[in-house]
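Observations on the model geometry
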Protein chains: 2
Amino acid sequence: MSHPDSAGGASGSSRPLVPVLAVVGVGLIGGSFAAALRRAGQVGEVWGVGRQVATLEQARKLGLIDRPATLQEAARADLVLMAVPVGATRATLDGLAPHLGPDTVVTDAGSTKMDVVRAAREALGGRIGQFVPGHPIAGSEQSGPGAAFADLYQDRTVILTPLDENPPGAVGLVEQAWGTCGARIRTMRPGEHDTVLASVSHVPHLLAFAYMAQVLEAADAPLRLDLAGSGFRDFTRIAGGSPDMWRDIFLANREAMMQETAAVRRALDAFEQAMRQGDAAGLQAMLETVSKSRRAWRAGQPSPDTNE
Amino acid sequence: MSHPDSAGGASGSSRPLVPVLAVVGVGLIGGSFAAALRRAGQVGEVWGVGRQVATLEQARKLGLIDRPATLQEAARADLVLMAVPVGATRATLDGLAPHLGPDTVVTDAGSTKMDVVRAAREALGGRIGQFVPGHPIAGSEQSGPGAAFADLYQDRTVILTPLDENPPGAVGLVEQAWGTCGARIRTMRPGEHDTVLASVSHVPHLLAFAYMAQVLEAADAPLRLDLAGSGFRDFTRIAGGSPDMWRDIFLANREAMMQETAAVRRALDAFEQAMRQGDAAGLQAMLETVSKSRRAWRAGQPSPDTNE
């Protein structure tokens, strides 16, 4: 798994790609990033930043980090990964900004990008070029340092949304770091990222939460939940997601999401119209198009787990 | 697995619970019913009715049925299970009605009950008492006789919606047959069944189909589908369902379904209102209620597969 020829870094016994890595939020996402870079021999020292001493101590015992650090210290690392809920991005950047090393590169793992870029511009001002926004499409149902593992990003997609102010070296460092983790890099504009992720991740979560809320409000909710089967189980699995994380995402990406929910409502209108009219042929045609496409989607391929 | 003490039937070497069973539609549902009764020694002979000779021949080679039969012949069996799409219920009953044996009991496996009962009343008239409506909440992603297996109904729920005209013996026979298959019996009114199934099965399918249709209509659909992950995968799995089956269900149960979709739209309105207002605390409370309930749902228990 080592990458001795990583451009811009160095191999084995010489200088690693990231001499000092700081991870803010040493959970599944941040911890797995550190673990993958360490296994590849591409990191010198790993500092962990977090609010909970016990979590940092656990991360240290697991070998994910070498020592806890403050945000002020982290700001002098070669690379800083912010792996925090998107709502905590601004506060993290505010803590880093006054102490930011001249060559330090900061990146993030947030599920939305427009609001993260906005927060970064406000916090970093003229040093915005040091921030390279990113979003690894990977994760699992588990969380915390105990869930971290070096293979999490293997063959997963990481979306980067570089800014016009980013020097090529900063983008290159982040690309190489994720590449060392085994990830494929895709580059998009922040707005494009937010629209696509609203469509395939945030809106399904919102629909699952809203649907489930409605079932729970029914007078006969216990009977309904008792008779629910595997369709219900899979359709609502994502409604068990973290309230903190999804509150932040739903607020941060609401504009793109509401464009998508309006389109979903129109699609539902079309189905209901065909039902109301007893239009069996029309309904059949609509269902066939969808069913065929869904069955063809990554047919035969295991789908990636995502933290979306 | 044998039930030597099944009330009303008889054990091992003596008369089985169902001397002659006719199964109309020998696929996963009908074939598994036959296989479970045969394994328990509670069926004498099994006749299979279907439009496709090859399917019946496959069912015979698999030992699910002893021989093919016509609807006219099936009408003289002791028990007839109709395991056909709900839209084919009326035609099946029309074929049985003129030849129906005086002691023959007919049941079904349809996913809706109000329309099935209506069709049965029209087709059977004064002999409606011989029809006991049912719905096994079991199934799998597979279909056809090759997918049938005797354990399909083990620990699954079968809902019966008996009619006022059903003599106790008719209901008892159907209950015992499903009990022999290892299923739990629940008795409900047809309208109650349709409301509950609309809520926990039919509406999730409709939402998944409508959501997926909307994604496919987007100009950048290929990009969206390429970046979709495990949340999308699980949320849309049921949108790969059979167009024929779901066309029939969506038409048959549209009234109950539209009551439910109206409630889902109101729940979505409430979430979007909180998002629009930037009401983080309100959103958090809504998400926590749902997430907690979803995580508690059958926690630690494997969920049943269903054909819903």
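Residues numbered from 1 in each chain as written. Chains lettered and ligands numbered in written order. Predicted model: local features only at pLDDT ≥ 70, side-chain atom pairs only at ≥ 80, totals over all residues. Heavy atoms only, no water.

Some details on the packing of aromatic side chains
Tallying each qualifying case throughout the model produces 15 aromatic pairs over all chains. Between the aromatic rings of Phe209(A) and Phe250(A), the centroid separation amounts to 6.0 Å while the plane-to-plane angle is 85 degrees, which identifies the pairing as edge-to-face. Note that Phe209(A) is positioned in helix H7 (residues 190–217) and Phe250(A) in helix H10 (residues 243–252), a separation of 41 residues in sequence. An aromatic cluster is defined as three or more aromatic residues linked by ring pairs; in this entry it consists of Tyr211(A), Phe232(A), Phe235(A), Trp297(A), Tyr211(B), Phe232(B), Phe235(B) and Trp297(B). Of note, Arg67(A) hangs over the ring of Trp47(A), and the distance from its end group to the ring centre comes to 4.6 Å. (Phe/Tyr/Trp six-rings, centres within 6.5 Å; stacked < 30°, edge-to-face > 60°. Helix = DSSP H or I, 4+ residues; strand = E, 2+ residues; numbered from the N terminus. Lys NZ or Arg CZ within 6 Å of the ring centre and 35° of its normal.)

Focus on the sheet that holds strand E9 (residues 184–187) of chain B
All names here are of chain B. Taken together, 3 strands build an open sheet; the order of strands is E7-E8-E9 and the sheet is mixed. At either end of the open sheet lies a strand with only one pairing partner, and these are strand E7 (134–137) and E9. Across the sheet, the mean angle separating the axes of adjacent strands is 25 degrees when strand polarity is ignored. In this sheet, strand E8 (residues 157–160) lies alongside E7 in antiparallel orientation, the contact comprising 4 bridges. Each residue of the ladder has a partner; that of glycine 134, found in E8, is leucine 160. (Pairing = 2+ DSSP bridges. Axes fitted to C-alpha atoms, helices over the stretch in contact; angles between N-to-C directions.)

Section: the domain arrangement of chain A
Residues and elements named next belong to chain A. Under the domain assignment used here, chain A contains domain 1 (18–188) and domain 2 (193–296). Just the C-alpha atoms count here: the centres of domain 1 and domain 2 sit 32 Å apart. Contacts between domain 1 and domain 2 engage 15 residues on the former and 11 residues on the latter. At the boundary of domain 1 with domain 2, total buried surface from both sides reaches about 960 Å², with 67% on carbon and sulfur atoms. Here domain 1 is connected to domain 2 by 0 salt bridges. One can count 5 residue pairs in polar contact (both at pLDDT 80 or more) joining domain 1 with domain 2. Sorting the residues of the side of domain 1 that touches domain 2 by element identifies helix H5 (114–124) and strand E7 (134–137) as the ones contributing at least two each. A breakdown of the residues in the side of domain 1 that touches domain 2 according to their chemical character gives 7 nonpolar, 5 polar and 3 charged. (Domains from an automatic or database assignment. Contact = heavy atoms within 4.5 Å. Buried area = accessible area lost by both parts, 1.4 Å probe. Salt bridge = Lys/Arg side-chain N within 4 Å of Asp/Glu carboxyl O. Polar contact = N/O pair within 3.5 Å; in protein donor to acceptor, adjacent residues only side chain to side chain. Nonpolar A, V, L, I, M, F, W, Y, C, P; charged D, E, K, R; others polar.)

Some points on the interface of chain B and chain A
Taken residue by residue, the interface counts 87 residues in chain B and 87 residues in chain A. Of the roughly 8100 Å² buried where chain B meets chain A, counting both sides, 64% is carbon and sulfur surface. Between the two partners, chain B and chain A, sit 10 salt bridges. The residue Glu272(A) makes a salt bridge to Arg265(B) at a minimum N-O spacing of 2.8 Å. Run the count over chain B and chain A and you get 44 residue pairs in polar contact (both at pLDDT 80 or more). Secondary structure elements with two or more residues in the side of chain B that touches chain A: E8, helix H7 (190–217), helix H8 (221–227), helix H9 (230–236), helix H10 (243–252), helix H11 (254–276) and helix H12 (280–296) of chain B. No other element matches the 18 residues that H7(B) contributes to the side of chain B that touches chain A. Here the side of chain B that touches chain A is built from residues that sort into 44 nonpolar, 20 polar and 23 charged.

Regarding the pattern of salt bridges
Residues and elements named next belong to chain A. What the rule picks out here adds up to 36 salt bridges over all chains. Two residues, aspartate 94 and arginine 90, come together in a salt bridge whose shortest N-O distance is 3.0 Å. One end of the pair is aspartate 94 and the other is arginine 90, both in helix H4 (residues 89–96) and 4 residues apart, which spans about a single turn. The class for aspartate 94 is partly exposed, based on a relative accessible area of 36%. What emerges from the salt-bridge pattern is a single network uniting Glu45, Arg67 and Glu73. (Buried < 20%, exposed > 50% of the residue type's maximum accessible area, 1.4 Å probe, protein only.)

Observations regarding H11(B)
For H11(B), which comprises 23 residues, the first-to-last C-alpha distance of 32 Å matches the rise-based estimate of 33 Å (1.5 Å per residue) to within 8%. One or two residues past the end of H11(B) sits Gly278(B), with phi positive at roughly 65 degrees. (Expected span 1.5 Å × (residues − 1).)

Description of unusual backbone geometry
The backbone of Asp155(A) sits at a positive phi, close to 65 degrees, despite the residue not being glycine. Look at Asp155(A) and you get partly exposed, because its relative accessible area is 47%.

Focus: the pairing of strand E2 (residues 43–49) of chain A
All names here are of chain A. In terms of residue burial, E2 counts as a mostly covered element, since 5 of its 7 residues are buried. Each parallel crossover has a hand, and for strand E1 (residues 18–24) linked through helix H1 (residues 28–39) to E2 it is right-handed. As paired strands, E2 and strand E3 (residues 67–68) are joined by 2 bridges and run parallel to one another. The residue of E3 that forms the bridge with tryptophan 47 is arginine 67. Handedness of the E2-helix H2 (residues 53–61)-E3 crossover: right-handed. (Right-handed = clockwise from strand over helix to strand, strands pointing away.)

As for the relation of the copies chain B and chain A
For the pair chain B and chain A, the best superposition has an RMSD of 0.1 Å and corresponds to a rotation of 180 degrees with a translation of 0.0 Å parallel to the axis. When the rotation and shift are considered jointly, the pair of chain copies conforms to a two-fold rotation axis. Among all C-alpha atoms of chain B, that of Phe235(B) lies closest to the rotation axis, at 2.1 Å. The residues that chain B uses at the interface reappear at the interface of chain A in 100% of cases, marking a shared surface. (Least-squares fit on C-alpha atoms with pLDDT ≥ 70 in both.)

Focus on the sheet that holds strand E9 (residues 184–187) of chain A
All names here are of chain A. Ordered by their spatial adjacency, 3 strands build an open sheet running E7-E8-E9, and the pairing between neighbours is mixed. Only two strands of the sheet have a single neighbouring strand rather than two, namely E7 and E9. Recorded for the sheet is a direction-independent mean angle of 25 degrees between the axes of neighbouring strands. Of the pairings in the sheet, the one linking strand E8 (residues 157–160) to E9 comprises 4 bridges and is parallel in character. Across the sheet, the residue bridging to leucine 160 is threonine 187, located in E9.

A closer look at the confidence of the model for chain A
All names here are of chain A. Looking at chain A as a whole, the pLDDT averages 92, with 92% of positions reaching at least 70. Low pLDDT (under 50) marks residues 1–12, which in the prediction has 20 contacts with non-local residues, meaning those over four places away or in another chain. Note on residues 302–308: pLDDT is under 50 here. Beyond four places in sequence and across chains, it has 43 contacts. (pLDDT = per-residue confidence, 0-100.)

Some words on the packing of H7(A) against H12(B)
At a minimum axis distance of 9 Å, the contact between H7(A) and H12(B) shows a crossing angle of 80 degrees. The orientation of H7(A) relative to H12(B) falls into the category roughly perpendicular. Facing Phe209(A), Met212(A), Ala213(A) and Leu216(A) of H7(A), the residues of H12(B) in contact are Leu287(B), Thr289(B), Val290(B), Ser291(B), Ser293(B) and Arg294(B). The class makeup of the residues in the contact of H7(A) with H12(B) is 6 nonpolar, 3 polar and 1 charged. (Parallel < 35°, antiparallel > 145°, perpendicular 65-115°, else oblique.)

Here we look at helix H4 (residues 89–96) of chain B
Residues and elements named next belong to chain B. For H4, the complete set of buried residues consists of Thr89, Thr92, Leu93 and Leu96. Projected down its long axis, H4 shows its buried positions confined to an angular sector of 95 degrees, all on one face. Lining the buried residues of H4 we find strand E1 (18–24), helix H3 (71–74), strand E4 (79–82), strand E5 (105–108) and helix H5 (114–124). (Arc of directions from axis to C-beta.)

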